[in-house]
Amino acid sequence: MAILLIRHGETPGNRDRIIQFPDTALSDRGLEQAARLGERMRNESIGEIWVSDHTRAHQTAQAVERTTGAPLSIIDDLGERSLGALRGTPYSELDFDPFAPGYTPPEGESWEAFHARVDRVWALIESRWFAAFAGRADAGHFAVVTHGLVLRSLFERRLLGEAGLATHANADGQVAIANTAVSYIEPIGSAPDDLEFRVDLLACIAHLDEETAPRANPNVGM
């Protein structure tokens, strides 16, 4: 059994390249992507779903909940990095990179604060895995539905390692995570503070076809 890390479906903000608010909902295309994700998960054994409190992630997780019957819990710290006062702004109107290292958006999260939050929620995921899933063949997979930058933070800083980044990242060290992409993470270890993680499948969108699959972008699509 594995931890499944899943990105939400497409939103109008993803489509139109606009920095999003937490209550941004899925587009029609995103709803279709979420439905296809749910059908894919129907054939998996899902024991529990954790999801960000953002609308787009919750709608995506609900599609998995409908087909699997797994209980769903909202975890605030799974939310996307807040870009504060930049939210609602088209990327085309910015004359700077809002994702640049060292940049903190007004009223938003610094990279340091964001990564610390991701580390905090990952520690909760590890603890939950060990308490409810480890060593239990009947427990099913632990599904976590969250956002692009959260997943990039995990893969680029914690899960892939130097060799994995050399294989999967672009020249800037960034890993592209498409909408509704699913990654399978295998925890290995006998204690919560002694877990290692093997990435068995990274950012798979086999459940999408050419009509619904989005253009991968490592930043846009938060």
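It should be emphasised that the depicted structure is a prediction, and the values quoted were computed from it without experimental measurement. (Residues numbered from 1 in each chain as written. Predicted model: local features only at pLDDT ≥ 70, side-chain atom pairs only at ≥ 80, totals over all residues. Heavy atoms only, no water.)

Draft legend 1. Region of the structure containing the packing of aromatic side chains. The tally for this structure, following the rule as stated, stands at 7 aromatic pairs. Put simply, the rings of Trp50, Trp129, Phe133 and Phe142 touch in pairs and so form one group of aromatic residues. Arg81 extends its terminal NZ or CZ atom over the ring of Trp111, reaching a point 4.1 Å from the ring centre. (Phe/Tyr/Trp six-rings, centres within 6.5 Å; stacked < 30°, edge-to-face > 60°. Lys NZ or Arg CZ within 6 Å of the ring centre and 35° of its normal.)

Draft legend 2. Quick peek at the environment of Ala131. By the element assignment, Ala131 lies in helix α4 (residues 111–132). Residues Ala131 and Ala191, spaced 60 residues apart in sequence, show a C-alpha to C-alpha distance of 9.8 Å. (Helix = DSSP H or I, 4+ residues; strand = E, 2+ residues; numbered from the N terminus.)

Draft legend 3. Main features of the sheet that holds strand β1 (residues 3–7). Strand order in the open sheet formed by 6 strands is β3-β2-β4-β1-β5-β6, with mixed pairing between adjacent strands. Taken across any chain shown, the strands that pair with only one partner, and hence form the sheet edges, are β3 (72–74) and β6 (196–204). If you compare each strand with its neighbour and ignore which way they point, the axes differ by 20° on average. Examined bridge by bridge, β1 and strand β5 (residues 182–188) share 4 bridges and lie antiparallel to one another. Its bridge partner lying in β5, Ile3 is registered against Ile185. Contacts between helix α3 (residues 55–68) and the sheet are confined to β1, β2 (46–51), β3 and β4 (141–146), with β2 contributing the most and set at about 165° to the helix. (Pairing = 2+ DSSP bridges. Axes fitted to C-alpha atoms, helices over the stretch in contact; angles between N-to-C directions. Contact = heavy atoms within 4.5 Å.)

Draft legend 4. The nonpolar core, seen in detail. Formed by 38 residues in total, the largest nonpolar core has its most connected members in Ile3, Leu5 and Phe155. Those elements that provide at least two residues to this core are β1, α4, β4, α5 (148–159) and β6. Considering every element that reaches this core, the biggest residue donor is α4, with 8 residues. Contact partners of Leu5, with chain neighbours within four places excluded, come to Trp122, Val144, Leu151, Leu154, Phe155, Leu159, Ala181, Val182, Ser183 and Ile185. Residues Leu4, Leu37, Ala61 and Val145 belong to the second largest nonpolar core, which totals 16 residues. (Core = buried A, V, L, I, M, F, W, Y, C linked by side-chain atoms within 4.5 Å. Buried < 20%, exposed > 50% of the residue type's maximum accessible area, 1.4 Å probe, protein only.)

Draft legend 5. Quick peek at the pattern of salt bridges. A complete count under the given rule lists 14 salt bridges for this structure. A salt bridge links Glu48 to Arg128, with the shortest nitrogen-to-oxygen separation between them at 3.0 Å. Linking Glu48 in strand β2 with Arg128 in helix α4, this pair joins segments that are 80 residues apart in sequence. When its relative accessible area of 10% is taken as the criterion, Glu48 is described as buried. In this structure, the salt-bridge partner of Glu126 is Arg158, at a minimum N-O distance of 3.9 Å. One end of the pair, Glu126, is in helix α4; the other, Arg158, is in helix α5, with 32 residues separating them in the sequence. The structure contains a network of salt bridges with shared partners spanning Asp119, Glu126, Arg157 and Arg158. (Salt bridge = Lys/Arg side-chain N within 4 Å of Asp/Glu carboxyl O.)

Draft legend 6. Highlighting the packing of helix α2 (residues 28–42) against α3. Where α2 meets α3, the axes come as close as 8 Å, and the angle between the chain directions of the two elements is 35°. Crossing handedness for the pair α2 and α3: right-handed. Where α2 approaches α3, its residues Leu31, Ala34, Ala35, Leu37, Gly38, Glu39, Met41 and Arg42 are matched on the opposing element by Gln59, Thr60, Ala63, Val64, Thr67 and Thr68. Tallied by class, the residues present in the contact of α2 with α3 amount to 7 nonpolar, 5 polar and 2 charged. (Left-handed = near helix turned anticlockwise from the far one by under 90°. Nonpolar A, V, L, I, M, F, W, Y, C, P; charged D, E, K, R; others polar.)

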